[in-house]
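# Chains, contacts and geometry: an overview
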Amino acid sequence: MRNDEKSIHHVLLVSASLVLTLLSTVTAAQETILFDDFNYSSTGELSANGWHIRNYIGGPGLSNGGWSTQNISFVDTGVKKSMRLKAGTNVNGGNIVNRAATSGQSTQAEVSRVEEEYKNGTWAARMFFTDAPSVGPDGDSVVQAFFGITRYIEGSEPYSEIDFEYLPNGGWYTGSYEPSMWSGTYRIVDFSDPSNHAVTRTTGSLQGWHDLVMQVRDGQIDFFIDGQHQTGFSGSVTPDYPMFLMFQIWFSNDCFDLSCTKRGYLTDSNYREYYQDVDWVYFEKDTILSPAQVLQNVQDLRAQDIDFVKGNKPAGGGSTTQRCNWWGTIYNICTHIETGWGWQNNADCVGINTCATLPPPYGIIEQGSAFSRLIQAESYSNMAGVDVENTTDTGQGQNVGWIDTGDWMSYYDIAIPSTGSYRVEYRVASINGARLSLDLNGGDLVLGAVDIPATGGWQSWETVSHTVTLAAGSYNVGIYALSGGWNINWFRITKVE
């Protein structure tokens with residue numbers, strides 16, 4: 001956000017700090033990850049998981065601009081829900097004096113974590129940006145943001161801020177109405193010193209869904225959009241103090257050019273409304289993940305039907321330590337590029353996409369993590385009696401259905417790394433309930449059976465599991481229908497530590 005608007009914003013963060021302090025009555029422990037799928041029905045559920053919704057007036061933007069809890073809702077995306085933040089106004093830009101509207105009003109939206117503990121690590125979110133209002137005339141300078149910021153007391157340090165800020169109608173002294181993403185960072189409060197602030201403006205429309213990643217480490221920050229590196233900054237501009245993790249949508253009344261012939265609000269008193277959606281947010285402390293690794297972690301968590309985590313990684317979820325076996329030589333996976341070779345920490349590294357081109361046993365390997373393998377049910381090597389259909393379960397794709405008693409699916413060459421106990425989870429749906437069994441090598445060894453509950457519908461999904469003992473080796477794994485009348489989307493085999 002622009003410097004002159006920040007002064008208002010930061011003064012108001014004093015009162016925000018008091019609210020956040022009241023909401024967070026104990027000092028937050030150092031957690032490993034934050035993941036939220038925003039699969040809520042009410043803002044009360046959102047607040048219960050440690051999110052604060054702003055409801056007091058003030059900047060950024062107009063000094064008497066409103067912020068409303070009513071501007072947060074949850075919308076069905078067809079898979080799960082996403083969180084929607086909206087901003088609406090009928091303020092006429094010709095009726096703004098000393099950064100306050102003399103008539104009309106604006107209501108904006110801000111959602112923030114209550115704990116101020118986010119700094120080094122990987123910040124990520126999947127967001128839907130809008131270029132035009134859903135209601136009313138277009139042209140206001142609206143800001144759609146995913147960012148981190150500290151609490152602020154006027155004239156005091158410490159201070160940090162990192163930002164993804166999308167301006168679909170342009171602005172901020174550029175003289176341009178072109179859509180622009182501003183990726184930037186502030187280290188201290190002295191905004192007049194450019195050595196303490198760095199920003200890159202990337203022009204072009206971002207209408208639609210996008211994956212945003214910020215990699216933050218001491219002395220270095222990098223920004224990615226949809227897996228592509230946008231910009232990076234090092235040195236004194238990088239953050240040096242833990243921040244709140246936040247989302248905002250708000251109206252800027254800053255000038256479009258140095259002569260200020262146009263400011264942010266339309267000279268129009270008709271109501272207009274904009275929105276942005278947040279599908280999920282992911283933060284992993286002190287770990288630098290590539291965008292591809294972030295997406296894999298989110299997919300793993302969703303496959304386990306986990307909507308919210310604040311703490312240690314669940315079994316089978318979160319990141320693993322990945323390396324590249326390059327024809328027998330082990331290299332790190334690069335975090336600043338995904339294709340080609342690079343140089344990090346005084347050593348060679350390989351882009352994850354380049355490494356993935358190598359055939360097994362070379363390519364991407366996992367080190368220092370428990371074994372866990374997710375197998376899509378429709379990827380069977382052989383079967384008897386079943387068919388596939390599109391699924392509405394998380395991740396969509398296909399599920400196996402039309403399963404009758406005695407039907408089966410087999411999956412060839414499933415490698416088990418070590419002898420021990422393994423949890424096997426099944427993602428199933430059934431009208432009346434049923435029962436399945438798990439076996440190896442065409443039924444030579446039956447490992448165990450599990451009951452499938454009546455879930456309420458053919459696309460009403462639940463996860464059931466049991467624990468089995470497996471010896472190290474490679475097997476053909478079979479799923480057998482002891483009774484019929486059920487669907488299966490996937491199963492997962494996880495080493496029990």
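Read on for a plain summary of the structure. (Residues numbered from 1 in each chain as written. Predicted model: local features only at pLDDT ≥ 70, side-chain atom pairs only at ≥ 80, totals over all residues. Heavy atoms only, no water.)

### Some words on the overall build of the chain
Looking only at helices and strands, one finds four helices and 35 strands in the chain. Split into buried and exposed, the 497 residues of the chain put 53% on the buried side. When the accessible surface of the chain is totalled, it reaches about 19,700 Å², and 49% of it is carbon and sulfur. (Helix = DSSP H or I, 4+ residues; strand = E, 2+ residues; numbered from the N terminus. Buried < 20%, exposed > 50% of the residue type's maximum accessible area, 1.4 Å probe, protein only. Areas by Shrake-Rupley, 256 points an atom, 1.4 Å probe, with all protein chains shown as cover.)

### What to know about the side chain of asparagine 487
Mapped onto the elements of the fold, asparagine 487 is located in strand β35 (residues 487-495). Within the structure, the side chain of asparagine 487 is placed 3.2 Å from the side chain of glutamate 389, a separation counted as a polar contact. For asparagine 487, the side chain forms a polar contact with the main-chain oxygen of tryptophan 458, separated by 3.1 Å. Look past the residues within four positions of asparagine 487 in its chain and what remains in contact with it is Glu389, Asn399, Val400, Gly401, Trp402, Ile403, Arg427, Val428, Ala429, Trp458, Gln459 and Trp461. (Polar contact = N/O pair within 3.5 Å; in protein donor to acceptor, adjacent residues only side chain to side chain. Contact = heavy atoms within 4.5 Å.)

### So, a nonpolar patch on the surface
On the surface, Trp408, Tyr480 and Leu482 cluster together into a nonpolar patch covering about 250 Å² of accessible area. By the element assignment, tyrosine 480 lies in strand β34 (residues 473-483). Looking at tyrosine 480, the relative accessible area reads 32%, which means it is partly exposed. (Patch = residues over 30% accessible without salt bridge, like charges linked within 9 Å, V, L, I, M, F, W, Y side chains within 5 Å. Salt bridge = Lys/Arg side-chain N within 4 Å of Asp/Glu carboxyl O.)

### Describing helix α3 (residues 291-303)
Over its 13 residues, α3 runs 18 Å from end to end, which matches the ideal 18 Å to within 8%, given 1.5 Å per residue. Residues of α3 that are buried include every one of Pro291, Gln293, Val294, Asn297, Val298, Asp300, Leu301, Arg302 and Ala303, and no others. A positive phi of about 60° marks aspartate 305, the residue just after α3. (Expected span 1.5 Å × (residues − 1).)

### Points about the sheet that holds β34
Strand order across the open sheet formed by five strands is β26-β29-β34-β31-β32, with antiparallel pairing between neighbours. Both outer strands of the open sheet, β26 (382-384) and β32 (445-452), are each paired with one neighbouring strand and no more. Here the average twist between neighbouring strands, direction ignored, is 25°. Pairing between strand β31 (residues 434-440) and β32: seven bridges, direction antiparallel. Along β32, the bridge assignment pairs alanine 434 with isoleucine 452. (Pairing = 2+ DSSP bridges. Axes fitted to C-alpha atoms, helices over the stretch in contact; angles between N-to-C directions.)

### What to know about the environment of glutamate 425
Examined against the element boundaries, glutamate 425 turns out to sit in strand β30 (residues 420-429). A residue is classified by how much of its surface remains accessible, and glutamate 425, at 9% relative accessible area, is buried. On a C-alpha basis, the gap between glutamate 425 and arginine 492 in space is 5.1 Å, while along the polypeptide they are 67 residues apart. Not counting residues within four places of it along the chain, the set of residues in contact with glutamate 425 comprises Thr463, Val464, Ser465, Trp490, Phe491, Arg492 and Thr494.

### Considering the pairing of strand β11 (residues 161-167)
Counting buried positions along β11 gives seven out of seven residues, so the element sits mostly inside the fold. The side-chain alternation of β11 yields two buried faces, one formed by Glu161, Asp163, Glu165 and Leu167 and the other by Ile162, Phe164 and Tyr166. Across six bridges, strand β10 (residues 142-149) lies against β11 in antiparallel orientation. Looking at β11, one finds that glycine 148 is bridged to isoleucine 162. As paired strands, β11 and strand β12 (residues 180-186) are joined by seven bridges and run antiparallel to one another. Bridge pairing links tyrosine 166 to methionine 181 in β12.

### A word on the pairing of strand β5 (residues 81-89)
Taken together, the five bridges between strand β4 (residues 72-76) and β5 define a ladder with antiparallel strand orientation. In the strand pairing of β5, isoleucine 72 is matched with leucine 85. Direction of pairing for β5 relative to strand β18 (residues 272-285): antiparallel, over a ladder of seven bridges. Bridging across to β18, glycine 88 finds its partner in glutamate 273. With two bridges connecting them, β5 and strand β8 (residues 106-113) associate as antiparallel partners. Opposite threonine 89, over in β8, you have serine 106 as the bridge partner.

### Looking at the state of the cysteines
Following the criterion strictly, the structure yields three disulfides and no others. Across the disulfide, cysteine 255 is cross-linked to cysteine 260 (sulfur-sulfur distance 1.8 Å). When the S-S torsion is -70°, as for the bridge of cysteine 255 with cysteine 260, the disulfide is left-handed. Here cysteine 324 pairs with cysteine 355 through a disulfide, and the sulfurs are 2.2 Å apart. One disulfide, between cysteine 324 and cysteine 355, carries an S-S torsion of 105° and so falls in the right-handed class. (Disulfide = S-S within 2.5 Å.)

Take it as geometry only, folks, not as evidence of what the structure does.
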